[in-house]
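# Observations on the three-dimensional arrangement
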Amino acid sequence: MILIGSIERDYKSIFRVNSMESTKILIADDDKKTRDFVTAFLNYKGYQVFQACDGQDALEKIELNEVHLVITDLMMPRVNGLEFVKKLKAMRPEMVIIAYSAFGNFEMTSSLLKAGVFFYLEKPFNLDELETHVKRGLEHQTLQSQSFKTRPSIRNRSRIQNIIGESEKMLSLFELIEKVAASDSTVLIQGESGTGKELVAKAIHDLGSRNNKSFVPVNCAAIPDDLLESELFGHVKGSFTGAIATRLGRFEMADRGTLFLDEIGDMKPNLQVKLLRVLQNKELEPVGATRSKKVDVRIVAATNQNLERLVATKAFREDLYYRLSVIPIMLPPLRERKGDIPLLLDNFMVKFNANRQGKVKGLEKDALNILCHYEWPGNVRELENLVERLCIIKGSGTIAVSDLPEKYVGRRPQASSEPQALPDAGICLNSMVEEFENRLIMQALEKTGGNKKEAATLLNLKRTTLIEKLKKKKLLPGEALTSSR
Ligand SMILES: Nc1ncnc2c1ncn2[C@@H]1O[C@H](COP(=O)(O)OP(=O)(O)OP(=O)(O)O)[C@@H](O)[C@H]1O
Ligand SMILES: [Mg+2]
């Protein structure tokens, strides 16, 4: 283990210089020995490194060079560490900064974090530890930058341009849509409300050979039961009160095209029988007609109900269920593909910024963080509506936490004591519990101004237990642990 701040040996004998001129890091420290030592280590790990001897020098070098990440000491002449961090963040808000010092305390750590420092290390620190934080910082930066630019490389690979998503689940969905579109089989799309069932149905039509004919949607839940039959199959003049003229049904309108039977789970049993007959015989009888008509329609059905459960309770016919679900497509809820949230936010922001004078530039890190952890019970529809509302109300500038409606802020995992729903994909219990524990400990320390005895009381722990935990978690390493505060 090589420690910075304890031993600084002849670094050239330890590290072979191996700069790949890829990621560019700047190190600011008035101590040349430390600078050279860290530089040699980072070069060896493949990073290109610039050196600065104080904050002022660092700001000038960052102005002139492309720099991706900054590592800085806090005790420096001219512009010192904290001042440097503040100036740098004002100049380059996206910059990832890792700061270190031998004289840290809780107050300093919290003002550094408030100023936007990504991680604070106390001297002496291990170089491997430094590298871990560098990697994490760079990953974080990539995620941040991806949140406000679309990645054409991936989008262009798919012909499905209007369905947003790059998560594994969405990429497999795109593949499935392309395959399904090429066939003529009946499709049953299931998924919670707002997951994009109608978008998927339309994409299947648009990518298939029927795309030069109509895509006709029917919302089975929105049409009164007694009218749905004639809406679907049409009627002849005088067949019932109010049938003042012969009318084409949606099936015929969709002839040689696609009929989208939305909310199919709401269809009443008597109509289910009639629908099944049409699907089997490929011909229908308009209400009041004496002769049947041939139709050539591709059926795509959708529901946000659990059709299998409806079949089990006999609310939905089993034979119709099997007839419809030749190709079943299950859309994932947004909470199971949270990685897509930044991309969705970005795309909807572009959409709702268009045709408006002011432009909302994006979200601040904390606001983005909250939305990325939110459970989105209304799925993409909820997210889309929120972005529209934020763009209209904010008008321009950057969305901050204070701009978010109460329910989003209130549902931050750190503030919630509600039991969370266990996602179908499962969770990593240990890491979630650990993260939860860390947050509560940090909150207790913040509330008590870093006083461990009072923080321990707030957490109903012994002071020594809290210190033990802090030591284990490396939350407050070094000499701070031995202090009586
Ligand atoms: N992956 C996505 N990319 C872009 N927009 C999406 C996506 N998924 C859903 N949307 C948008 O969210 C809204 C709801 O989508 P859609 O109507 O297809 O959902 P749904 O599953 O049919 O919901 P419901 O069951 O309530 O009818 C639409 O405005 C749609 O454009
Ligand atoms: Mg729908």
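Preceding block: the structure.
My aim in this report is to walk through the structure given alongside it, one point at a time. (Residues numbered from 1 in each chain as written. Chains lettered and ligands numbered in written order. Predicted model: local features only at pLDDT ≥ 70, side-chain atom pairs only at ≥ 80, totals over all residues. Heavy atoms only, no water.)

## Remarks on a nonpolar patch on the surface
Judged by side-chain polarity, Leu-422, Ile-427, Leu-429, Met-432 and Val-433 come together as a nonpolar surface patch covering roughly 470 Å² of accessible area. Positionally, Leu-429 belongs in helix H19 (residues 429–447). (Patch = residues over 30% accessible without salt bridge, like charges linked within 9 Å, V, L, I, M, F, W, Y side chains within 5 Å. Areas by Shrake-Rupley, 256 points an atom, 1.4 Å probe, with all protein chains shown as cover. Salt bridge = Lys/Arg side-chain N within 4 Å of Asp/Glu carboxyl O. Helix = DSSP H or I, 4+ residues; strand = E, 2+ residues; numbered from the N terminus.)

## Comments concerning the environment of Asn-306
Looking at the secondary structure, you find Asn-306 in the loop between strand E13 (298–303) and helix H13 (307–312). As a C-alpha pair, Asn-306 and Gly-191 span 115 residues in sequence and 8.5 Å in three-dimensional space. Side-chain polar atoms of Asn-306 contact the backbone nitrogen of Glu-308, separated by 3.1 Å. (Polar contact = N/O pair within 3.5 Å; in protein donor to acceptor, adjacent residues only side chain to side chain.)

## Some thoughts on unusual backbone geometry
Leaving glycine aside, a negative phi is the common case for residues, and trans is the common case for peptide bonds. Look at Glu-263: it is not a glycine, yet its phi comes out positive at around 55°. Considering the arrangement of structural elements, one finds Glu-263 in the loop between strand E10 (258–262) and helix H12 (269–281). Even without being a glycine, Trp-376 presents a positive backbone phi close to 50°. If you trace the backbone, Trp-376 turns up in the loop between helix H16 (365–373) and helix H17 (379–394). On the basis of relative accessible area, Trp-376 is assigned to the buried category, the value being 0%. (Buried < 20%, exposed > 50% of the residue type's maximum accessible area, 1.4 Å probe, protein only.)

## Details of the site of ligand 1
Around ligand 1, the surrounding shell holds 19 residues, and the nearest of these are Ile-164, Ser-193, Gly-194, Lys-197 and Glu-384. A distance of 2.4 Å is found between an oxygen atom of ligand 1 and a side-chain nitrogen or oxygen belonging to Ser-193. The separation between an oxygen atom of ligand 1 and a polar main-chain atom of Gly-196 is 3.0 Å. Expressed as a share of its isolated accessible area of 620 Å², the protein-covered part of ligand 1 is 86%. When contributions to the shell around ligand 1 are tallied by element, the ones reaching two or more residues are helix H9 (197–207) and H17. The residue makeup of the shell around ligand 1, split by class, is six nonpolar, six polar and seven charged. (Near = heavy atom within 4 Å. Nonpolar A, V, L, I, M, F, W, Y, C, P; charged D, E, K, R; others polar.)

## What about the sheet that holds strand E2 (residues 24–28)?
As summarised here, the arrangement of the five strands in space is E3-E2-E4-E5-E6, forming an open sheet in which the pairing is parallel. Strands at the two margins of the open sheet, each flanked by one partner only, are strand E3 (48–52) and strand E6 (119–122). The sheet shows a mean angle of 20° between the axes of neighbouring strands, taken without regard to direction. Of the strand pairs in this sheet, strand E5 (residues 96–101) and E6 are connected by four bridges, and their pairing is parallel. Of the residues in E6, the one forming a bridge with Tyr-100 is Leu-121. Contacting E2, E3, strand E4 (69–73) and E5, helix H2 (residues 32–44) runs over the sheet at an angle of about 170° to E3. The sheet contacts of helix H3 (residues 55–64) involve E2, E3 and E4, and relative to E3 the element is tilted by about 140°. (Pairing = 2+ DSSP bridges. Axes fitted to C-alpha atoms, helices over the stretch in contact; angles between N-to-C directions. Contact = heavy atoms within 4.5 Å.)

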